[in-house]
Amino acid sequence: MTASGRSLPWLRDKLRQGHPLPKDKWVEKVHGNGEIHSFHWRDQRFERRTLLALTDLTARRSEKNSAMRIALCLPSHRCGSTACYYCKHLYWTKVRAKAAAASAGLRRCEMSFLTIIFGAAYLGIPQAEQMIDDALPVLARALRWKCGIKLIGRVELDYLLRGHTLKRDKRRTFATLGAPTEGDVPLLVPHLHALVFHSRIERRLLRLKLSRHFPGYKRVNLKCLHADKTIEENLDRLVRYPLKFLPPDHGQGTATSAELRFGLRANEELGGLHGKLHVEFGV
Ligand SMILES: [Zn+2]
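All values derive from a computational prediction rather than experimental measurement.

A. Structural view of the overall build of the protein chain. Helix and strand counts for the protein chain come out as ten helices and five strands. Against the compact-globule benchmark of 19 Å for 283 residues, the protein chain has a radius of gyration of 20 Å, which places it among compact chains. When the backbone C-alpha atoms are referred to their principal axes, the protein chain occupies close to 60 × 45 × 30 Å. In the protein chain, of all internal contacts separated by at least 6 residues, the share reaching a separation of at least 24 is 78%. For the protein chain, the accessible area works out to roughly 14,000 Å², and carbon and sulfur atoms hold 52% of it. A gap of 3 Å separates the mean positions of the 49 positive and 27 negative side-chain charges of the protein chain.

B. Spatial organisation of unusual backbone geometry. Of note, the phi angle at Lys-218 is positive, near 45°, even though the residue is not glycine. Following the sequence through the fold, Lys-218 ends up in the loop between α8 (203–213) and β4 (220–224). Non-glycine residue Phe-245 carries a positive phi angle of around 45°. As for its placement among the helices and strands, Phe-245 is situated in the loop between α9 (231–240) and α10 (257–269).

C. Representation of the side chain of His-89 in the model. When you line up the elements, His-89 lands in helix α5 (residues 85–103). Once residues lying within four places of it in the same chain are set aside, the contact partners of His-89 are Ile-36, His-37 and Arg-240.

D. Spatial organisation of the layout of surface pockets. The volume enclosed by the largest pocket comes to roughly 1,300 Å³. Lining of the largest pocket is provided by 48 residues; of these, Asp-158, His-191, His-193, Tyr-241 and Lys-244 occupy positions nearest its centre. Breaking the lining of the largest pocket down by element, the ones donating at least two residues are α3 (40–54), β1 (111–117), β2 (150–160), α7 (168–176), β3 (187–197), β4, α9 and α10. With seven residues, the single largest contributor to the lining of the largest pocket is β2. Split into classes, the residues belonging to the lining of the largest pocket amount to 20 nonpolar, 13 polar and 15 charged. What the second largest pocket holds in volume is close to 220 Å³. Of all the elements in the fold, those that place two or more residues in the lining of the second largest pocket are α4 (61–71) and α10. Broken down by class, the residue content of the lining of the second largest pocket amounts to four nonpolar, three polar and seven charged.

E. Summary view of empty space enclosed by the protein. All told, the structure shown has one cavity of 30 Å³ or more when counted by the stated rule. Taken together, Tyr-91, Val-95, Ile-152, Gly-153, Arg-154, His-193, Ala-194, Leu-238, Val-239, Pro-242 and His-278 make up the lining of the largest cavity. Those elements giving two or more residues to the lining of the largest cavity turn out to be α5, β2, β3 and α9. Across the lining of the largest cavity, the residue classes break down as seven nonpolar, three polar and one charged.

F. A look at the environment of Arg-6. Mapped onto the elements, Arg-6 comes out in the segment before α1 (8–17). Judged by its relative accessible area of 28%, Arg-6 falls in the partly exposed class.

G. Looking closely at the pattern of salt bridges. Inspection of every chain in the model, using the stated rule, returns 19 salt bridges. The salt bridge partner of Glu-129 is Lys-276, with a shortest N-O separation of 2.7 Å. One end of the pair, Glu-129, is in helix α6 (residues 125–143); the other, Lys-276, is in the loop between α10 and β5 (278–281), with 147 residues separating them in the sequence. For Glu-129, a relative accessible area of 26% corresponds to the partly exposed category. A salt bridge links Lys-218 to Asp-169, with the nearest nitrogen and oxygen atoms 2.9 Å apart.

Rules and cut-offs
Residues numbered from 1 in each chain as written. Predicted model: local features only at pLDDT ≥ 70, side-chain atom pairs only at ≥ 80, totals over all residues. Heavy atoms only, no water. Helix = DSSP H or I, 4+ residues; strand = E, 2+ residues; numbered from the N terminus. Rg over C-alpha atoms; globule rule 2.2 N^0.38 Å. Contact = heavy atoms within 4.5 Å. Areas by Shrake-Rupley, 256 points an atom, 1.4 Å probe, with all protein chains shown as cover. Lys, Arg positive; Asp, Glu negative; His and termini not counted. Charge placed at Lys NZ, Arg CZ, Asp CG, Glu CD. 1 Å grid on protein atoms, 1.4 Å probe; cavity = no way out; pocket = protein on both sides within 12 Å on 5 of 7 lines; lining within 4 Å. Points joined across faces, edges and corners; volume = space filled by probe spheres on them. Nonpolar A, V, L, I, M, F, W, Y, C, P; charged D, E, K, R; others polar. Buried < 20%, exposed > 50% of the residue type's maximum accessible area, 1.4 Å probe, protein only. Salt bridge = Lys/Arg side-chain N within 4 Å of Asp/Glu carboxyl O.

Below, the structure written as structure tokens:
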């Protein structure tokens, strides 16, 4: 129980009844109608689902403590969790400001959105972490090739449950990485999503360079900003994109509480919002 008398049964009761948490009331007070951005309700819904899993009777004590920290996240004591819709927004605000600074004076063709699949881990969190630790220095070497390249992004961890089905291209990519492709084991797929600012080099050449550093079928995707959106709209969306933290069943409701908890644990063990999953270069 906290100093304010709030306890796990209090939280379970709030979640089951769909009642607002203290943070919702604070957000509503500060942000008017309570909606911070267009994905606000999706993020809040996924946060509540994660909280329900963390307060499950089978959860570890540390997970129940995390649930209370996330539920009681307020300006005086931010939780910093990847599951917290407000801490994600605060992280977005900081990264968005860096993206604005990095993009100043650049033309649309000098900015790109990069995705790199680092690997597909079938041996759990340590293997996924090793893939990230191996990939980041390779990325830095590729970017050091020409001066002035800047990158701001985030490693997202897709958690594919046992029984998943891979589309043809993904199956081929995973096969070239030596990962299982039959869906018979759960996979953690660390992959980078990043904005790249490259005023001194064409996108085509940068793509070639990155693909050489990360060989494999369709492992690297470097594409232009969305043509139907302004640069500002692109930066807003693309900085938010790797912050989705979708449940492993993508909202279908089929993942178990244990699977939801594992999805969060994988992120938190790698440092949560501010640890090694945050990636920047040259900014
Ligand atoms: Zn928080």
